[in-house]
Amino acid sequence: MRILIVSTNTLPAAPSGPAYVAGAVRQAGHTVEVFDSLLAANLPQELGETLQRFQPDVVGVSIRLVHGDVQDAAAPFGTRYLDLRPRVKEIIDLIRQSSPAQIVLGGPGFTYYARDWLAYLDLDLGICGEGEAAFPQLLERLTADGEVTSVPGVVVRNAGSFASQPFQRVEDLDGQALPAYDLFDWDCYAAHGVLPAIFTKRGCAMGCTFCPYSKLEGRRYRLKSPGRVLAEVRHTLAYTPARKIMFCDNSFNVPHRHAEALCRAFIDQGTDFQWGTGDLKPVGVSDAFCRLMQDAGCFYANLSIESASETMLRRMKRGYTVRQVRESLEALSRSGLPFGASLMFGAPGETPETVAETLRVMADYEIPLGVWVTVGVYLWTDLQDIVPELRQGGWLDESRPLFDGPVYLSPAVTGDLQGLVADLRARPGYTVQVNRADLLAAALLER
Ligand code: B12
Ligand code: SF4
């Protein structure tokens, strides 16, 4: 079959999901092309031309984000909310106008809201969860008898009702196809400041109350071997202009022995590339580990602190203490490694005192690449523990659709949100994103 994979994401990020899925479909014997909306200067024309020329049988549409927030000094609290659903709809409408191909939805943004998406876009087929095995299986069924309802992770919409299968996790990550980064135009990504990204494992043993990932990917780690990660790095860098790659794991350094094994393998093989990670947990970040990362070619790490209040770390079940946050910041500061840090304010239990505790800890350190602060917690799915908790507490109405992107902000910090944001912005190197600032601004006006 002829398969076109379309990435709908229009905020700059590596097309990692589409690349892995494209690789898997190609390995299954199909002819594959990719189209990334991020790079389109004239979306209707370029997508239309691709569809006319390639004549796909199936278009796999990857949905990464549903809601986005971008910096905009003129918007409330300096953050402009983006509802990305109309963009996805525009892409789907363009596909329907130019091609009779079967459309199949997938991606992290689809998994949360599969039924909502199918209804919103008036489509009938999608796959939740990891696509490497399920998407080729679905294509096999489409080629055979069209009976797709037993494919793992499939969601089928038929005359307003839905049938679905639980999704299956890919066990043997080493045995999967390499990400098809060769199909993407990397000079264009470089112009958008986007580096290629690969993942080194799946799973998360932590259980942070605001995050669904230990439930989605499972608490048990599924690790790629160092040899496999190196093969992916080499394959990817063969097609990209920079000698740099990002690891897009949920937490690069957990489990610790895996991160160490990767670094050692990079050193043993004579590192000729640099790598970065947007998610280093403040766990086991010692002088020795920082040195190992540097020797292995690390050019950037973001320490995902989120809070440095003991009360909030416990409440959010982050799995580390303020002491570990401090140890990590100290080791990173001593190492000279360029690093940034991220904080998250406003989860259940947050108060002006817990915010102040966190900021007091942070004030003791210089963070070379700055501190990224997110205010407000998106409520995506019931798989986030705080969602059922907030429903039970009466804060979140059963009937309130999560597809509309509600955001929670602890009432104790809502009172002086203006003051909090102004204080954060005044701190050197701090960047503040207020999630769904439009909602919060409206709620504050109502009071
Ligand atoms: C790494 C990451 C980032 C990095 C990206 C940098 C980089 N180098 O890639 C950074 C830190 C910049 C980032 C930023 C943001 N992120 Co982010 N990020 C992730 C993370 C941890 C991994 C994404 C990834 O690449 N995974 C690896 C790939 C291979 O997996 P995948 O994309 O899921 O693809 C698989 C399946 O989804 C499926 N699939 C994918 N496409 C398709 C297509 C078809 C047809 C099929 C059948 C299947 C399929 O198969 C693939 C292979 O298994 C995810 C959480 C997670 N664990 O997935 C959040 C996640 C994608 N991010 C999220 C968000 C919200 C953001 C931000 C908007 C946060 C913000 N600032 O407000 C920004 C947006 C930035 C942007 N410009 O896009 C959300 C999206 C939620 C949603 N539903 O809208 C996620 C899911 C986390 C969460 N909160 O749950 N992010
Ligand atoms: S926030 Fe990170 S560490 Fe916590 S559960 Fe989610 S993926 Fe795991």
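These numbers were taken from a predicted model, which means no experiment stands behind them. (Residues numbered from 1 in each chain as written. Chains lettered and ligands numbered in written order. Predicted model: local features only at pLDDT ≥ 70, side-chain atom pairs only at ≥ 80, totals over all residues.)

Caption draft 1: Quick peek at the overall build of the chain. Looking only at helices and strands, one finds 18 helices and 20 strands in the chain. What you see for the chain is a C-alpha radius of gyration of 22 Å, in line with the 22 Å of a compact globule of 447 residues. Expressed along its principal axes, the backbone C-alpha trace of the chain runs to roughly 60 × 60 × 40 Å. Partitioning the contacts of the chain with sequence separation of at least 6, the portion at a separation of at least 24 is 74%. (Helix = DSSP H or I, 4+ residues; strand = E, 2+ residues; numbered from the N terminus. Rg over C-alpha atoms; globule rule 2.2 N^0.38 Å. Contact = placed C-beta atoms within 7 Å.)

Caption draft 2: Geometry of the packing of helix 1 (residues 16-27) against helix 6 (residues 131-143). Where helix 1 meets helix 6, the closest approach of the two axes is 9 Å, and the angle between their N-to-C directions is 45 degrees. When the axis of helix 1 is compared with that of helix 6, the two are oblique. Of the two possible hands of crossing, helix 1 and helix 6 adopt the one that is right-handed. Listed contacts from helix 6 to Tyr20, Val21, Ala24 and Val25 of helix 1 are Gly131, Glu132, Phe135, Pro136 and Leu139. When the residues that make up the contact of helix 1 with helix 6 are grouped by side-chain class, the tally is 7 nonpolar, 1 polar and 1 charged. (Axes fitted to C-alpha atoms, helices over the stretch in contact; angles between N-to-C directions. Parallel < 35°, antiparallel > 145°, perpendicular 65-115°, else oblique. Left-handed = near helix turned anticlockwise from the far one by under 90°. Nonpolar A, V, L, I, M, F, W, Y, C, P; charged D, E, K, R; others polar.)

Caption draft 3: Representation of the site of ligand 1 in the model. Surveying the vicinity of ligand 1 reveals 40 residues, the closest of which are Leu11, Gly17, Gly60, Gly106 and Gly131. Secondary structure elements with two or more residues in the shell around ligand 1: helix 1, strand 3 (58-62), strand 4 (67-71), strand 6 (102-106), helix 4 (108-112) and helix 6. Here the shell around ligand 1 gets 5 residues from one element, more than from any other, and that element is helix 1. Among the residues forming the shell around ligand 1, the class breakdown is 22 nonpolar, 14 polar and 4 charged. A domain-level breakdown of the shell around ligand 1 finds at least three residues from each of domain 1 (2-164) and domain 2 (195-445). (Near = placed C-beta within 6 Å. Domains from an automatic or database assignment.)

Caption draft 4: Structural view of the domain arrangement of the chain. What the domain assignment lists for the chain is domain 1 (2-164) and domain 2 (195-445). Using only C-alpha atoms to locate each centre, domain 1 and domain 2 end up separated by 27 Å. Between domain 1 and domain 2, the residue contacts involve 14 residues of the former and 22 residues of the latter. Listing elements by their share of the side of domain 1 that touches domain 2, those giving two or more residues are strand 4 and strand 5 (79-83).

Caption draft 5: Structural view of the sheet that holds strand 10 (residues 197-198). Read across the sheet, 7 strands follow the order 10-13-14-15-16-17-20 without closing on themselves; strand pairing throughout is parallel. The open sheet terminates on both sides in strands that have one partner only, identified here as strand 10 and strand 20 (430-434). Taken strand by strand, helix 17 (residues 417-426) contacts strand 17 (371-375) and strand 20, and its axis lies near 150 degrees from that of strand 20. (Pairing = 2+ DSSP bridges.)

Caption draft 6: Representation of the site of ligand 2 within the structure. Contacts to ligand 2 come from Cys204, Met206, Gly207, Cys208, Cys211, Tyr213, Ser214, Asn250 and Ser251. For the shell around ligand 2, the class distribution of residues is 5 nonpolar, 4 polar and no charged.

Caption draft 7: Broad picture of unusual backbone geometry. Omega for the peptide link from Val254 to Pro255 comes to 0 degrees, which places this bond in the cis form. Along the polypeptide, Pro255 turns up in the loop between strand 13 (244-247) and helix 10 (256-268). The backbone phi angle of Lys317 is positive, close to 55 degrees, even though this residue is not glycine. Note that Lys317 resides in the loop between helix 12 (310-315) and helix 13 (322-335). C-beta crowding within 10 Å serves as the criterion here: with 14 such atoms nearby, Lys317 is assigned to the partly exposed category. (Buried ≥ 20, exposed ≤ 12 C-beta atoms within 10 Å, placed from the backbone.)

Caption draft 8: Molecular detail of helix 3 (residues 85-98). Its 14 residues give helix 3 an end-to-end C-alpha distance of 20 Å, which sits within 8% of 20 Å, the value for a rise of 1.5 Å per residue. Among the residues of helix 3, Arg85, Val88, Ile91, Ile92 and Ile95 are the ones counted as buried. All buried residues of helix 3 fall inside an arc of 125 degrees around its axis, so they share one side. Along helix 3, the residues that are exposed and aim more than 90 degrees away from the buried face are Pro86 and Gln97. (Expected span 1.5 Å × (residues − 1). Arc of directions from axis to C-beta.)

Caption draft 9: Structural context of the pairing of strand 13. In this structure, strand 10 lies alongside strand 13, joined through 2 bridges in parallel fashion. Its bridge partner lying in strand 13, Ala197 is registered against Met246. Here strand 13 runs beside strand 14 (residues 274-280); their pairing, made up of 4 bridges, is parallel. In the strand pairing of strand 14, Met246 is matched with Gly276. In this fold, strand 13 hands off to helix 10, which returns the chain to strand 14; that crossover is right-handed. (Right-handed = clockwise from strand over helix to strand, strands pointing away.)

Caption draft 10: Quick peek at the packing of helix 2 (residues 43-54) against helix 3. Remark: helix 2 packs on helix 3, axes separated minimally by 9 Å, with the N-to-C direction vectors making an angle of 40 degrees. Taken together, helix 2 and helix 3 sit at an angle that is classed as oblique. Seen from above, helix 2 lies across helix 3 with right-handed handedness. Taken together, the residues of helix 3 that come into contact with helix 2 (itself represented by Pro44, Leu47, Gly48, Leu51 and Gln52) are Ile91, Leu94, Ile95 and Ser98. Classifying every residue of the contact of helix 2 with helix 3 by side-chain character gives 6 nonpolar, 3 polar and no charged.

Caption draft 11: Geometry of the environment of Ala28. Mapped onto the elements of the fold, Ala28 is located in the loop between helix 1 and strand 2 (31-36). Accessibility expressed as a C-beta count within 10 Å gives 18 for Ala28, which makes it partly exposed. Residues Ala28 and Gln102 lie 74 residues apart in sequence; the distance between their C-alpha atoms is 18 Å. With sequence-adjacent residues up to four places away left out, Ala28 is seen in contact with Pro136 and Leu139.

Caption draft 12: Local environment of the environment of Ala231. With respect to the secondary-structure elements, Ala231 resides in helix 9 (residues 226-237). The spatial distance from the C-alpha of Ala231 to the C-alpha of Leu118 is 37 Å, given a sequence separation of 113 residues.

Caption draft 13: Inspection of the environment of Pro255 at higher detail. Its 16 C-beta neighbours within 10 Å are what place Pro255 among the partly exposed residues. Residues Pro255 and Leu216, spaced 39 residues apart in sequence, show a C-alpha to C-alpha distance of 18 Å.

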